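Observations on the three-dimensional arrangement
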Amino acid sequence: MHIQIVGLHAPNAPRLRSLLGPEHEVEALQAFPETGLIRSDVVISNSIGAEEAARLRCRLVHVPGAGWEQIACDALPSGTPVCNVHGHEVPIAEFVLHAVLEHGLRLWQYPARLDADAWAAAYADRPQHDEAQGKTLGIVGFGHIGQEIARRARAFGMHVVAITRSGKPGPADLAHEYVAASALDEVLPRIQMLALCCPLDDRTRGLIGARQLSLLPRGALLVNVARAEVVDEEALYKALLGRQLGRAVLDVWYQYPKKGQAPVTPSRFPLHEMPNVRATPHISALTPALLERRYAFMAQNILRLQQGQLLLNVIHQAP
């Protein structure tokens, strides 16, 4: 079979080649060709525009991650299946719990050194910090990531509120409460820490706006590992500037660098410079184990395609 890995994941072609064996041709491309049909058995990419999608002639489009909002599914030729892959929930959940614990411990308020000159004053003036136990954590989106966050939060004695599209009750050992997104405003006043891990779509874009941020208790923590646009950009900046929102840990951004285009900042506002923002460059899931899990899954799906078996994680089937 012929497989093309296009774009950011092109450097991982040797990884996939080693999993599939020499009878499969794995081609790495920095970008799709500008003209002509794009022919391959499998195309792996996290971004396919409408014009590119229309030129595809393949048996499978595989997204090398969970998010597929950058795939122009409606433009794909009839019958083309699209699959995605998870495996990122463990490192992202650990990232979120680190943010929660850091918010309480406030390690930045302690001296950078404890030598003979600093020790006496540091010991005499040491400040108190907070605890995670007993705090209420709201989790918007309760799929793979949300559930892994909940497991860890419960271990720390936190009260977990799962905010989902339907609000349908789920496992009692994961969340204490299940709330529909339509009732979000009603629960925000008692949520001290809010983690966002939902997909980005028309229903979640701007879900957290000025009103929602104002309803959180003053000094609350917001952790966004979903997509930046789930939170209104300007409203977030103003809430942090006025300290209505205590802190934000942001791993996803409103503007990303693109090859051949002028450099950009992560946001139109100086969020990355604010003292109450922990800004990270979209790294919450980025571990060696993640790549191993994801490429093993994609290799399995490619073999299933070759053998005529049902594909796993089909998220779209072009009509």
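On a predicted model such as this, the values are computed, not experimentally measured, just so you know.

**Quick notes on the sheet that holds strand β14 (residues 277–279)**
Neighbouring strands of a sheet are bound in pairs by backbone hydrogen bonds; such pairs are parallel or else antiparallel. Strand order in the open sheet formed by seven strands is β10-β9-β8-β11-β12-β13-β14, with parallel pairing between adjacent strands. A single partner strand is all that each edge strand has here, and the edge strands are β10 (177–180) and β14. Between one strand and the next, the sheet's axes are offset by a mean angle of 15°, whatever the strand orientation. Examined bridge by bridge, strand β8 (residues 136–140) and strand β9 (residues 159–164) share five bridges and lie parallel to one another. Counted as the bridge partner of leucine 137 is valine 160 from β9. Packing against the sheet, helix α8 (residues 233–241) makes contact with β12 (220–224), β13 (245–250) and β14, and its axis sits at approximately 130° to β13.

**Focus on a nonpolar patch on the surface**
A surface patch of nonpolar side chains, amounting to about 360 Å² of accessible area, comprises Leu114, Trp119 and Tyr123. Position of leucine 114 among the secondary structure elements: in the loop between α3 (89–105) and α4 (116–124). For leucine 114, a relative accessible area of 54% corresponds to the exposed category.

**Comments concerning the pairing of β13**
Strand residues, when the strand is regular, have side chains that alternate between the two faces of the sheet. Among the six residues in β13, six count as buried, and that is most of the element. Read as a crossover between parallel neighbours, the route from β12 over α8 to β13 is right-handed.

**Focus on the sheet that holds strand β6 (residues 60–62)**
Taking strand neighbours across the sheet as the criterion, the six strands line up as β2-β1-β4-β6-β7-β15 in an open arrangement whose pairing is mixed. Edge positions in the sheet fall to β2 (25–29) and β15 (314–317), since each has one partner strand and no second. The average angle at which neighbouring strand axes cross in this sheet is 20°, direction not considered. The sheet contacts of helix α1 (residues 13–20) involve β1 (2–6), β2 and β4 (42–44), and relative to β2 the element is tilted by about 170°.

**Looking at the environment of histidine 88**
Considering the arrangement of structural elements, one finds histidine 88 in the loop between β7 (81–83) and α3. Of the residues examined, histidine 88 reaches a relative accessible area of 8% and is grouped as buried. In the structure, histidine 88 is positioned 198 residues away from leucine 286 in sequence and 8.0 Å away in space, judged by C-alpha atoms. If we ignore the near neighbours within four places in the chain, the residues touching histidine 88 are Ala66, Ile145, Ala285, Leu290 and Arg294. Here the side chain of histidine 88 touches glutamate 89 through a polar contact of 3.4 Å, side chain to side chain.

Criteria and thresholds
Residues numbered from 1 in each chain as written. Predicted model: local features only at pLDDT ≥ 70, side-chain atom pairs only at ≥ 80, totals over all residues. Heavy atoms only, no water. Pairing = 2+ DSSP bridges. Helix = DSSP H or I, 4+ residues; strand = E, 2+ residues; numbered from the N terminus. Axes fitted to C-alpha atoms, helices over the stretch in contact; angles between N-to-C directions. Contact = heavy atoms within 4.5 Å. Patch = residues over 30% accessible without salt bridge, like charges linked within 9 Å, V, L, I, M, F, W, Y side chains within 5 Å. Areas by Shrake-Rupley, 256 points an atom, 1.4 Å probe, with all protein chains shown as cover. Salt bridge = Lys/Arg side-chain N within 4 Å of Asp/Glu carboxyl O. Buried < 20%, exposed > 50% of the residue type's maximum accessible area, 1.4 Å probe, protein only. Right-handed = clockwise from strand over helix to strand, strands pointing away. Polar contact = N/O pair within 3.5 Å; in protein donor to acceptor, adjacent residues only side chain to side chain.

Purely spatial values, then, with no claim about function.
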